[in-house]
Structures are given as structure tokens and as C-alpha cells.
Amino acid sequence: MNTLTYCLFVRCGPHHQAQAFHAIEFARALLTAGHHIERVFFYQQGVLTASELRTPPQGELDITQAWQQLQQQHNVQLDVCIAAALQHGILNNEEAQRYEKPANNLAPGFHLAGLGQLASATVSCDRVISFGGGL
Amino acid sequence: MSTLVVIQSTPYGNTNAKDALDVLLTLAAFEQAPGLLLQGVGVHLLTSTQGPFKHAGKMLAALPMYDVEQLYVDNSAIAAQGISQTQLAQCPLDCQLLDQPAIGKLMASYQHVLVF
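Residues numbered from 1 in each chain as written. Chains lettered and ligands numbered in written order. Predicted model: local features only at pLDDT ≥ 70, side-chain atom pairs only at ≥ 80, totals over all residues. Heavy atoms only, no water.

A.B. asks: Please explain the packing of helix H1 (residues 17-32) of chain A against helix H2 (residues 63-74) of chain A as it appears in this structure.
C.D. replies: A packed helix pair is summarised by two numbers, namely the angle formed by the two axes and the spacing between the axes. All names here are of chain A. At a minimum axis separation of 10 Å, H1 and H2 run at an interaxial angle of 15°. In terms of orientation, H1 lies roughly parallel with respect to H2. You can see that H1 and H2 cross each other, and the crossing is left-handed. Contacts between H1 and H2 pair Ala-20, Phe-21, Ala-23, Ile-24, Ala-27, Arg-28 and Leu-31 from the former with Ile-63, Ala-66, Trp-67, Leu-70 and His-74 from the latter. For the contact of H1 with H2, the residue count by class is 10 nonpolar, one polar and one charged. (Axes fitted to C-alpha atoms, helices over the stretch in contact; angles between N-to-C directions. Helix = DSSP H or I, 4+ residues; strand = E, 2+ residues; numbered from the N terminus. Parallel < 35°, antiparallel > 145°, perpendicular 65-115°, else oblique. Left-handed = near helix turned anticlockwise from the far one by under 90°. Contact = heavy atoms within 4.5 Å. Nonpolar A, V, L, I, M, F, W, Y, C, P; charged D, E, K, R; others polar.)

This is the structure:
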């Protein structure tokens, strides 16, 4: 089989239920089919996925946890745009200290990264697939 | 050809246009020779408005510094959105007006198309 390298560009927030779910399902399907995911890049409202403090209602799929599981099981790189993250109140310990904020909330498994990571993914990946464009 | 960034959002309704230009500038800074296409209400990037937020259209002026000299504009949106020849002429980039078949060819010539 011809395997391809993918970058998933997640721009919908975890509250855009179907679209956020499609992104995780698509990622799972790619891995099952033997394709390679170079990175998942969270941008715009997508960065909200990376909040460790998200508390979805009982019985609903926890998108944040679903990505974390995928990261642990398949070592998928989860990059969160740092500029969008700061704007949406997603901070790691380092950024919280830099901006003198009282807390940090970047969920384990996610990393803050620059848009340069997306730019390099457009070079190295066969496909860049957007989720939640035009919201 | 690498990536075509398509803006179909107004410059002030949400941050889509600005977020798109941030991606475009990054691609350009990485010397990926990205293209920019304005469609639908996205052509309002060529107009100037006043408001409490920074108008994303102002970022267009920075593009020539990153070797992005050209801007593709959906011809049908120009009339539909009431963009004047004067406004087109004032654009800091060289605006190339394209009809639907030409837009199809343009998109096909890029490896990736990111729509905002």
C-alpha cells in the first residue's frame, strides 16, 4: 500500500462537537490504515482542545483525553500554536511565569509551538487536512 | 508550488483573515513562495474600515518584504462586494483578477490549499 505523511490542521474547538470528533476519528483511521501523522497542529479555536481544565459532561467523549491517548499509543506530535494559545488562555508553566499569570493549564502530551512547525509540515507532508475551517 | 492561502472571511467579523495572513507570512518567511487568493467577502481585505481592532488588510503591505508581490482576487467577488477600481489600485500588491476556471487551475497548481 502507498502510505502517505499527513499533517492534521485542527482549527475547530472541542465544543464544535462533530468537527472536533471528525478530526480524531480521521487521525485514528489514518493510523489504522498504516499512514504516518507527522504532527497535529492546533490553531485558532482548536487550541482550546489543549486545556487540561476542560470538563465535559459525564458520558460525553472527552476530546482532550482522546488526543492524549492517541499521543501515548502512537507517539503523535500534538503542537499547539503558541500565539493562539496565549490569546485563548492556554498556557504552560513557562508562559504563565513569563506573563505573570496565576496558573497554567496546557494538558500533558500537548506542546506549544510556532507557526513555523505548520510551515515545515507543508513541505514535508503529502497532505495537510483542515478541520473546522470557516467557523 | 507549495501552499495557497484562501481568504473567504471579512477582515473584521472574526480573526480568520488575520490568522490566514499569519500563516501566509510564516510560509513566506520560510521561503515557501505561498500564494494568496481572496474570494467572496474576503475581498473586503482591500477596503479600509475603522474599528477597535487592527484591520487585517494592513498586513498586506508587509507581504512584498517577504517576496509575495502578487495577490489573486476572485473577479466575481469584486462586483458582488462593490470593490472599486480605485480600491484595487491602492492595494500594495499586484492584484490579478481571476474568473472561475482560472481559480480552478490556480488551486490545482498548489500542493496544499488552506481555506480561511
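What follows continues from the structure just given.
A.B. asks: What is the right way to read the pattern of salt bridges from this model?
C.D. replies: All names here are of chain A. Per the counting criterion, the structure on display carries seven salt bridges over all chains. The closest approach of N and O atoms between Asp-79 and Arg-39, which form a salt bridge, is 2.4 Å. With a gap of 40 residues between them, Asp-79 in strand S3 (residues 78-81) and Arg-39 in strand S2 (residues 36-42) connect regions that are remote in the sequence. As far as the burial class goes, Asp-79 and Arg-39 line up, both buried. In this structure, the salt-bridge partner of Asp-62 is Arg-54, at a minimum N-O distance of 3.7 Å. Given a relative accessible area of 23%, Arg-54 falls into the partly exposed group. Via salt bridges that share partners, Glu-38, Arg-39 and Asp-79 belong to a single interconnected network. (Salt bridge = Lys/Arg side-chain N within 4 Å of Asp/Glu carboxyl O. Buried < 20%, exposed > 50% of the residue type's maximum accessible area, 1.4 Å probe, protein only.)

A.B. asks: Help me understand the nonpolar core, please; the structure alone is not making it clear to me.
C.D. replies: Side chains of a nonpolar character, in soluble globular proteins, are inclined to be buried together. Ranked by internal contacts, the top residues of the largest apolar core, which has 72 residues, are Trp-67 of chain A together with Leu-36 of chain B. Per-element accounting of this core gives the leading share, eight residues, to helix H1 (residues 16-29) of chain B. What Trp-67 of chain A contacts, discounting residues up to four positions off in sequence, is Leu-8, Val-10, Ala-23, Ile-24, Ala-27, Val-40, Phe-42, Thr-49, Leu-78 and Phe-110 of chain A. With eight residues, the next largest nonpolar core counts Leu-4, Tyr-72, Leu-98 and Ile-103 of chain B among its residues. (Core = buried A, V, L, I, M, F, W, Y, C linked by side-chain atoms within 4.5 Å.)

A.B. asks: I'm lost on the interface of chain B and chain A in this one. Help?
C.D. replies: Reports often express the size of an interface as the amount of accessible area lost when the parts come together. Counting from both sides, the interface comprises 16 residues of chain B and, opposite them, 18 residues of chain A. Note on chain B versus chain A: buried area summed over both sides is about 1300 Å², and carbon and sulfur give 57% of it. At the boundary of chain B and chain A, one finds zero salt bridges. Remark: the boundary between chain B and chain A carries seven residue pairs in polar contact (both at pLDDT 80 or more). For the side of chain B that touches chain A, the secondary structure elements donating two or more residues are H1 and strand S5 (112-115) of chain B. Among the elements that take part in the side of chain B that touches chain A, H1 of chain B stands out by supplying six residues, more than any other. (Buried area = accessible area lost by both parts, 1.4 Å probe. Polar contact = N/O pair within 3.5 Å; in protein donor to acceptor, adjacent residues only side chain to side chain.)

A.B. asks: Help me understand the packing of aromatic side chains in this model?
C.D. replies: Note on aromatic pairs: each is described by the distance of the centres and the angle between the planes. Within the structure shown, the criterion is met by nine aromatic pairs over all chains. Centre to centre, the rings of Phe-26 of chain A and Phe-131 of chain A are 5.7 Å apart; their planes meet at 55°, and the pair counts as tilted. Separated by 105 residues along the polypeptide, Phe-26 of chain A in helix H1 and Phe-131 of chain A in strand S5 (residues 127-131) bring together distant segments of the chain. Residue classification places Phe-26 of chain A among the partly exposed positions, given a relative accessible area of 27%. Three or more aromatic residues link up through ring pairs in this structure, and these residues are Phe-9, Phe-41 and Tyr-43 of chain A together with Phe-116 of chain B. Over the ring of Phe-116 of chain B we find Arg-11 of chain A, and its NZ or CZ is 3.9 Å from the ring centre. (Phe/Tyr/Trp six-rings, centres within 6.5 Å; stacked < 30°, edge-to-face > 60°. Lys NZ or Arg CZ within 6 Å of the ring centre and 35° of its normal.)

A.B. asks: Hey, could you run me through the sheet that holds S2 of chain A in this one?
C.D. replies: Sheet strands pair via backbone hydrogen bonds, and the direction of the pair is either parallel or antiparallel. Residues and elements named next belong to chain A. The parallel open sheet is built from five strands, whose spatial order is S4-S3-S2-S1-S5. The open sheet has two edge strands with one neighbour each: strand S4 (110-113) and S5. Looking at each pair of strands side by side, their axes are set apart by 25° on average, direction ignored. Summarising the sheet, strand S1 (residues 5-10) and S2 pair through six bridges and their orientation is parallel. When the bridges of S2 are listed, Val-10 appears paired with Phe-42. (Pairing = 2+ DSSP bridges.)

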